[in-house]
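One letter stands for each residue in the lines below.
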Amino acid sequence: MTAPLLDIRDLRIGIRRGRRPPLVIVDKADLRLGRGEIHGLVGESGSGKTMVCRSLIGTLSRRGASVLSGSVRLGDLDLATADEAMWRTVRGRRIGYVTQSALAGLNPVVTIGAQLKEAIRQTGTTGADADRRAVELLDRVRIRRPEIVARQHPHQLSGGMRQRVMIACAIATGPEIIVADEPTTGLDVTVQAEIMKLLKAIQAETGVSVILVSHDLALIDAVCDRITIMHAGTCVETGTVAQVARPRHPYTAALNRSRIELAAPGSELRTIRGRPPAVGTWAPGCRFADRCDGARPDCRTGEHPRLAPVADGHMTACPFPDATEAAA
Amino acid sequence: MTPPLLRATDVSVAFGRGADRVRAVRGVSLAVEPGESVGIVGESGSGKSTLARVLVGLQRPDEGTVELRGRSVFEGEGAYPGALRRQVQMVFQDPYTSLNPRMSALDAVAESVAFHDRCTRAQARDRALALLGDMGIPPGDAVKKPRLLSGGQRQRVSVARALAAGPSVLVADEPTSAIDQSAQAQLLNLFNRLLRDGLAIVLISHNLAVIRYLSRRVHVMRDGEVVEEGETERIFGAPSHDYTRTLIASIPGREAAGTEVSPQPTTRDGNADRRIDLQAL
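Numbers given to residues run from 1 along each chain, matching the order in which its sequence is written. Chain letters and ligand numbers both follow the written order, the letters beginning at A and the numbers at 1. Local features are withheld for residues below a pLDDT of 70 in this predicted model, meaning they are given only at 70 or higher, and side-chain atom pairs are given and counted only at 80 or more; totals for whole chains, interfaces and linings count all residues. As a convention, hydrogens and water are excluded, and side-chain values are obtained from all of the structure's heavy atoms.

Draft legend 1. Just the overall build of chain A, in detail. Each helix corresponds to a stretch of at least 4 residues labelled H or I by DSSP, and each strand to a stretch of at least 2 residues labelled E; elements are numbered beginning at the N terminus. Within chain A, the regular secondary structure consists of 12 helices and 12 strands. Taken over the C-alpha trace, chain A has a radius of gyration of 21 Å; the compact-globule value for 328 residues is 20 Å, and the two agree within 12%. For the exposure calls, accessible area comes from a 1.4 Å probe over protein chains only, and a residue counts as buried if that area is under 20% of its type's maximum, exposed if over 50%, partly exposed in between. Across the 328 residues of chain A, 52% fall into the buried class. Under the convention used here, a 1.4 Å probe and the Shrake-Rupley method define accessible areas, while residue burial counts only the protein chains that appear. Only carbon and sulfur atoms are counted for the fraction: they give 50% of the accessible area of chain A, which is about 14100 Å². The charged-residue count follows a simple rule in which Lys and Arg add positive charge and Asp and Glu add negative charge, with His and chain termini not counted at all. Positions of charges follow a simple convention, taking NZ of Lys, CZ of Arg, CG of Asp or CD of Glu. Distance between charge centroids for chain A: 4 Å, based on 44 positive and 35 negative side chains. Our radius of gyration is a C-alpha quantity, and the globule rule it is checked against amounts to 2.2 Å times the number of residues to the power 0.38.

In structure tokens, the structure reads:
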């Protein structure tokens, strides 16, 4: 396998608590993003997906969090130790960001065109050239009548159009990576389908790599090349869509079984017992053990297991991957 | 012939006046029987939630009738007179805002019990605990405030609160859209059990997988109108309306199966759409 574009290894993120040791919210996160790849990041609410994303754009500190250890390699840079000066060369330039709520991500009192030009200015383009480029970008994200939309404010656009504008802002600087954190949550299914189609088209046209965060496995399956699954602040399985469809971690297997779209109408749906352990209450050993049907005494001792390969490009954090396969 | 449990006939609702008038629901009819779930799908602005509010009596229709076992529910000034009130209850979309943040789950449900039944506080508490237990909320979690509960748990508290009235119809407006997949599965299992016990459920969702799983019949709404209705399996297998086809093609993974997603031109009226209309200019 050639060197990945982005390589997150053993990432540990915590929230500072004065004199007490930091509260660890992400631990042993590993993610490798290949060039031109659409990589799905899946997990329940609170599993640490958004924190991993924030570590890629240097906004952890806004939530009082910071990287405690591990590395986030983007080429020669290690973003885990980046200072603000380094972030200014990365955030919005090499890594673009699309937030969950486009209304929160866009400035309500600034026109769409002006917001785009703010991003465009980073590439050194100004004045009338920047105006032209803004319209071009809107056209690129398939917004009809881009000249008119450029003069409008975010509240005048529909949710789907706002999300298109966010994507236009994210690609304005020609980044290597776009991080899209639940970009279609709260949007209608038809709009969601259009946004996903757009994201795939933009990827194909520009060769950008995409990290797509979602808890919708059906969506991830349809759009992504590879998937990483997070549970309780850690990555438990990663692989291609096809590989993860035959899971080797019991959490992934349980997620797959709880999918409604694969169930017969009215049949009893399989659910996952309990809830992920809350941050600050992580017991020794595997953090899925309390929810796992195949947990053994060994699972509750020592460190949480790290991802280990089971096939080329397919890794699981379960030391008993064959048990999950046999149970399927 | 006995009349249906709950029946809406030619219901229309409009908001605003003059040029701002929006016809949110236009001549919609539907009926639901005990132990049956009827699904309503459609995108934002299609009138689904307004219809739901009419069914539970929160919104008076401008035209048309709603009848519970043949009795009109909009008599006089109010809705659901007397003993009818408890019969139709609602579960709202957002479990983060539909519960009072200062009330424990137990108090929220006990309040509903006490409102609908004459009983002592202790009796209301006991009944609330039993209901919550039935919904998979153990006593230890029942005494917690909503912010300490997960989205799925909150949604099940909302269902318990609705059931505290002892309804025969539950109207659930996008109950699964704000919760995780595993919590969704839990909630749907619960709904299935309630259906088997004879409850009628009107399920509103834009998630077709959820509708397909739970509802035997479905109404597809667009611009306030029902554009297609019938057996869910038939509609999924052979949709006859273009809009239904678009909806089905929008299910993730369907595109790969050969059906191209074609965005519908947006020509709806009303506030939400003046924004979108720019696209269609």
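Draft legend 2. Expanded view of empty space enclosed by the protein. In this analysis a 1.4 Å probe is tested at points of a 1 Å grid over the protein atoms alone, and where it fits but cannot get out there is a cavity; an open set with protein on both sides within 12 Å along at least five of seven lines is a pocket; lining residues have an atom within 4 Å of a point. Grid points are joined across faces, edges and corners, and a volume is the space filled by probe spheres set on the points. Enumeration according to the criterion identifies 2 cavities of 30 Å³ or more in this entry. Considering only enclosed or pocket space, the largest cavity measures out at about 60 Å³ in volume. Considering the residues around the largest cavity, the lining is formed by A:V42, A:G43, A:E44, A:H215, A:L217, A:Y251, A:L255, B:D180, B:Q181 and B:S182. Secondary structure elements with two or more residues in the lining of the largest cavity: α11 (250-257) of chain A together with α6 (181-196) of chain B. We call Asp, Glu, Lys and Arg charged. Ala, Val, Leu, Ile, Met, Phe, Trp, Tyr, Cys and Pro are nonpolar, and the rest, Gly among them, are polar. Class assignment of the residues belonging to the lining of the largest cavity gives a composition of 4 nonpolar, 4 polar and 2 charged. Approximately 30 Å³ is the volume attributed to the second largest cavity.

Draft legend 3. Main features of the interface of chain B and chain A. Contacts between the two partners involve 36 residues from chain B, matched on the other side by 42 residues from chain A. Reported buried area values correspond to the accessible surface (1.4 Å probe) lost by two parts on association, with both partners' losses combined. When the two sides are added together, the surface that chain B and chain A hide from each other amounts to roughly 3400 Å², 55% of it contributed by carbon and sulfur. For this analysis, a salt bridge means a side-chain nitrogen from Lys or Arg found within 4 Å of a carboxyl oxygen belonging to Asp or Glu. On the surface where chain B and chain A come into contact, there are 0 salt bridges. Whenever a nitrogen or oxygen atom comes within 3.5 Å of another N or O atom, the pair is scored as a polar contact, on the condition that within protein one atom can donate a hydrogen and the other can accept it, and that pairs from neighbouring residues in sequence are kept only if both atoms are in side chains. Applying the counting rule to chain B against chain A returns 10 residue pairs in polar contact (both at pLDDT 80 or more). For the side of chain B that touches chain A, the secondary structure elements donating two or more residues are α6, α7 (208-214), α9 (242-249) and α10 (271-280) of chain B. A per-element tally of the side of chain B that touches chain A places α6(B) first, with 8 residues. By residue class, the composition of the side of chain B that touches chain A is 15 nonpolar, 14 polar and 7 charged. Should any heavy atoms of two residues lie within 4.5 Å, those residues are considered in contact.

Draft legend 4. Region of interest: the pattern of salt bridges. Residues and elements named next belong to chain A. For the coordinates displayed, the defined rule picks out 36 salt bridges over all chains. The closest approach of N and O atoms between R94 and E176, which form a salt bridge, is 2.6 Å. Note that R94 is positioned in the loop between α2 (84-90) and β6 (95-98) and E176 in the loop between α7 (159-171) and β7 (177-181), a separation of 82 residues in sequence. For K117, the salt bridge is made with D131, and the minimal N-O distance between the two is 2.7 Å. Taken together, the positions of K117 in helix α4 (residues 112-121) and D131 in helix α5 (residues 127-140) put the pair 14 residues apart, joining distant regions of the chain. By relative accessible area, K117 is classed as partly exposed at 27%. Taking relative accessible area as the criterion, D131 reaches 37% and is therefore assigned partly exposed.

Draft legend 5. Focus on the environment of B:E33. All names here are of chain B. Positionally, E33 belongs in the loop between β2 (22-32) and β3 (37-41). In this structure, the C-alpha to C-alpha distance between E33 and L6, residues 27 residues apart in sequence, is 6.9 Å. Discounting chain neighbours no more than four positions away, the residues touching E33 are P4, L5 and A200.

Draft legend 6. Fine view of the pairing of strand β11 (residues 308-311) of chain A. Residue and element names in this part refer to chain A. Bridge count for β11 against strand β12 (residues 314-316) is 3 bridges, and the pairing is antiparallel. Its bridge partner lying in β12, P309 is registered against M315. Here β11 folds back onto β12 in antiparallel fashion, the turn holding 2 residues, of which G313 has a positive phi close to 80 degrees. Strands are labelled as partners when DSSP assigns at least two bridges between them.

Draft legend 7. Seen up close, the packing of aromatic side chains. Residues and elements named next belong to chain A. The rule is short: rings of Phe, Tyr and Trp, with Trp giving its six-membered ring, pair when the centres are within 6.5 Å, and they are stacked under 30 degrees, edge-to-face over 60, tilted in between. Under the criterion given, the structure shown has 1 aromatic pair over all chains. Ring geometry for Y251 against F288: centres 5.3 Å apart, planes inclined by 65 degrees, an arrangement best described as edge-to-face. In this pair, Y251 sits in helix α11 while F288 sits in the loop between α11 and β11, placing the two residues 37 residues apart along the sequence. The two residues Y251 and F288 agree in class, both being buried. Here the basic side chain of R287 rests over the ring of W282, its NZ or CZ set 3.8 Å away from the ring centre. Each ring is checked for a lysine NZ or an arginine CZ that lies within 6 Å of its centre and within 35 degrees of its normal; such an atom marks a charge sitting over the ring.

Draft legend 8. Representation of the sheet that holds strand β2 (residues 20-33) of chain A in the model. Residues and elements named next belong to chain A. Read across the open sheet, the 4 strands follow the order β2-β1-β4-β5; overall the sheet is antiparallel. Sheet topology places β2 and β5 (77-78) at the edges, where each strand pairs with a single neighbour. Pairing of strand β1 (residues 6-17) with strand β4 (residues 65-74), which is carried by 8 bridges, proceeds in the antiparallel orientation. Of the residues in β4, the one forming a bridge with I15 is A65.

Draft legend 9. A look at the layout of surface pockets. Residue and element names in this part refer to chain A. In this structure, the second largest pocket spans a volume of roughly 770 Å³. Along the wall of the second largest pocket there are 25 residues; nearest its centre are R91, G92, Y97, G105 and C169. Listed by contribution, the elements that provide at least two residues to the lining of the second largest pocket are α2, β6, α4 and α7. Classifying every residue of the lining of the second largest pocket by side-chain character gives 10 nonpolar, 9 polar and 6 charged.

Draft legend 10. Representation of α5(A) within the structure. Residues and elements named next belong to chain A. Expected helix span is taken as 1.5 Å per residue step, with the number of steps being one fewer than the number of residues. For α5, which comprises 14 residues, the first-to-last C-alpha distance of 20 Å matches the rise-based estimate of 20 Å (1.5 Å per residue) to within 8%. Buried within α5 are the following residues: A130, A134, L137 and L138. Buried residues of α5, viewed axially, fall in a sector of 100 degrees; they line one side. Tucked into the core, α5 has its buried residues touching α4, α6 (146-150) and α7. In the stretch just after α5, R142 is the one whose phi turns positive, near 60 degrees. It is the directions from the helix axis to the C-beta atoms whose arc is reported.

Draft legend 11. Representation of the packing of helix α5 (residues 151-163) of chain B against α6(B) within the structure. All names here are of chain B. Orientation is described by lines fitted to C-alpha atoms, with helices fitted over the stretch in contact, and by angles between N-to-C directions that extend from 0 to 180 degrees. In the contact formed by α5 and α6, the axes pass within 9 Å of each other and the chain directions differ by 20 degrees. Between α5 and α6, the angle falls in the class roughly parallel. Crossing geometry of α5 relative to α6 is assigned as right-handed. Residues G152, Q155, R156, V159 and L163 of α5 lie in contact with α6, whose contacting residues are A183, Q186, L187, L190, F191 and L194. For the contact of α5 with α6, the per-class residue count stands at 7 nonpolar, 3 polar and 1 charged. For classification purposes, angles smaller than 35 degrees are called roughly parallel, those larger than 145 roughly antiparallel, those between 65 and 115 roughly perpendicular, and all remaining angles oblique. Each helix crossing is assigned a hand: it is left-handed if the near helix lies turned anticlockwise from the far helix by less than a right angle, otherwise right-handed if that turn is clockwise.

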